[in-house]
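A look at the structure
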Amino acid sequence: MQNQKFIIMKKLPVGIQTFSEIINQDYLYIDKTSLANELIKKHKYVFLSRPRRFGKSLFLDTLKNIFEGKQELFKDLFIYNQWNWDVTYPVIKISFSGGIHSKDDLEEDLIQILKSNEEQLELKCENRSKAKYFFAELIKKAFQKYQKNAVILIDEYDKPILDNIENIPEALIIRDGMRDFYTKIKESDEYLRFVFLTGVSKFSKVSLFSGLNNLEDI
């Protein structure tokens, strides 16, 4: 009987945005950790604008696992021997990918996202009257508890605006509210290690980051 060679093809991770699932379930993964390592070492504030289905959310989740020190997930990847896994950072992840965001619900949506991070980081914030104040306190308390500068990862930063783009007056109200929220990042600079934002729109077109004038647009 002739020898036969079989090529075992890995499953494609179509629609999967969770890095740990791709690794643990042995999906095909193209190693992007060299890029992640370079970004982290060279920049503090990074912005990435690309079309949907481009892999932005997966890359953001990869960054989260790096900063949280999940070394076991990165075996055989570039960053495995390039990163100090003994040092971990508190990560605040904000994602607007789920659901439709309206003007009336946006404040509550933000507060619920922050509450989830508060619970994940085992913190207790006192000022929840406004999302922007809650956000600022969360960053500071994360730094104080863990004695490490916090990491902020924001996925689809512009989705609340795009959800309402056909209603320009409402979209402008949401834009102004989001601008106030994102301003707390700049004000919290002393407590931050790294900030990464993704979205579909170029930030220069949205006018959301007037305070964050040091964003590195990649």
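To start, this report covers the structure provided alongside it.

With that settled, the discussion passes to the overall build of the protein chain. Helix and strand counts for the protein chain stand at eight helices and five strands. Relative to the globule expectation of 17 Å for 218 residues, the C-alpha radius of gyration of the protein chain, 19 Å, shows essentially globular dimensions. Along the first, second and third principal axes, the C-alpha set of the protein chain runs to 75 × 45 × 30 Å. Within the protein chain, buried positions represent 44% of all 218 residues. The contacts of the protein chain with a sequence gap of at least 6 include a subset with a gap of at least 24, amounting to 69%. Accessible surface computed for the protein chain: about 12100 Å², of which carbon and sulfur atoms make up 48%. When the 33 basic and 32 acidic side-chain charges of the protein chain are each reduced to a single mean position, those positions are 4 Å apart.

Now for the pattern of salt bridges. A complete count under the given rule lists 12 salt bridges for this structure. E68 is the partner of K64 in a salt bridge, and the nearest nitrogen-oxygen pair spans 2.9 Å. The residue E68 makes a salt bridge to K70 at a minimum N-O spacing of 3.3 Å. What makes K70 partly exposed here is its relative accessible area of 30%.

Before going further, it helps to examine helix α7 (residues 168-187). Taking 1.5 Å per residue, 20 residues should reach 28 Å; α7 reaches 29 Å between its end C-alpha atoms and fits that length. All of the buried residues along α7 are E170, A171, I174, M178, F181, Y182, K184 and I185.

Summed over the entire model, instances satisfying the criterion amount to 12 aromatic pairs. Geometrically, the ring pair formed by F135 and F181 is stacked, given 4.4 Å between the ring centres and 10° between the ring planes. Taken together, the positions of F135 in helix α5 (residues 131-146) and F181 in helix α7 put the pair 46 residues apart, joining distant regions of the chain. Taking the ring centre of Y27 as reference, the NZ or CZ of K11 above it sits at 4.5 Å. In this arrangement the basic side chain of R193 is found over the ring face of Y89, its NZ or CZ atom lying 5.7 Å from the centre.

Position of D163 among the secondary structure elements: in the loop between α6 (159-162) and α7. By relative accessible area, D163 is classed as partly exposed at 25%. Along the chain, D163 and S102 lie 61 residues apart, while their C-alpha atoms are 7.5 Å from each other. Beyond its immediate chain neighbours, meaning those up to four positions away, D163 contacts G99, I100 and H101.

The backbone phi angle of E122 is positive, close to 55°, even though this residue is not glycine. For E122, the position within the fold is in the loop between α4 (106-120) and α5. You can call E122 exposed: its relative accessible area is 61%. With a phi angle near 55°, Q147 is a residue other than glycine that sits in the positive phi range. With respect to the helices and strands, Q147 occurs in the loop between α5 and β3 (150-155).

This part is about the packing of α4 against α7. Interaxial distance between α4 and α7 falls to 11 Å at its minimum, and their mutual angle equals 30°. Judged by the inter-axis angle, α4 sits roughly parallel to α7. Of the two possible hands of crossing, α4 and α7 adopt the one that is right-handed. Contacts between α4 and α7 pair L106, L110 and L114 from the former with I174, M178 and F181 from the latter. Residues that form the contact of α4 with α7 fall into these classes: six nonpolar, no polar and no charged.

Thresholds applied
- Residues numbered from 1 in each chain as written.
- Predicted model: local features only at pLDDT ≥ 70, side-chain atom pairs only at ≥ 80, totals over all residues.
- Heavy atoms only, no water.
- Helix = DSSP H or I, 4+ residues; strand = E, 2+ residues; numbered from the N terminus.
- Rg over C-alpha atoms; globule rule 2.2 N^0.38 Å.
- Buried < 20%, exposed > 50% of the residue type's maximum accessible area, 1.4 Å probe, protein only.
- Contact = heavy atoms within 4.5 Å.
- Areas by Shrake-Rupley, 256 points an atom, 1.4 Å probe, with all protein chains shown as cover.
- Lys, Arg positive; Asp, Glu negative; His and termini not counted.
- Charge placed at Lys NZ, Arg CZ, Asp CG, Glu CD.
- Salt bridge = Lys/Arg side-chain N within 4 Å of Asp/Glu carboxyl O.
- Expected span 1.5 Å × (residues − 1).
- Phe/Tyr/Trp six-rings, centres within 6.5 Å; stacked < 30°, edge-to-face > 60°.
- Lys NZ or Arg CZ within 6 Å of the ring centre and 35° of its normal.
- Axes fitted to C-alpha atoms, helices over the stretch in contact; angles between N-to-C directions.
- Parallel < 35°, antiparallel > 145°, perpendicular 65-115°, else oblique.
- Left-handed = near helix turned anticlockwise from the far one by under 90°.
- Nonpolar A, V, L, I, M, F, W, Y, C, P; charged D, E, K, R; others polar.

Note that every value here comes from positions in space, so none of it alone points to a role or purpose.
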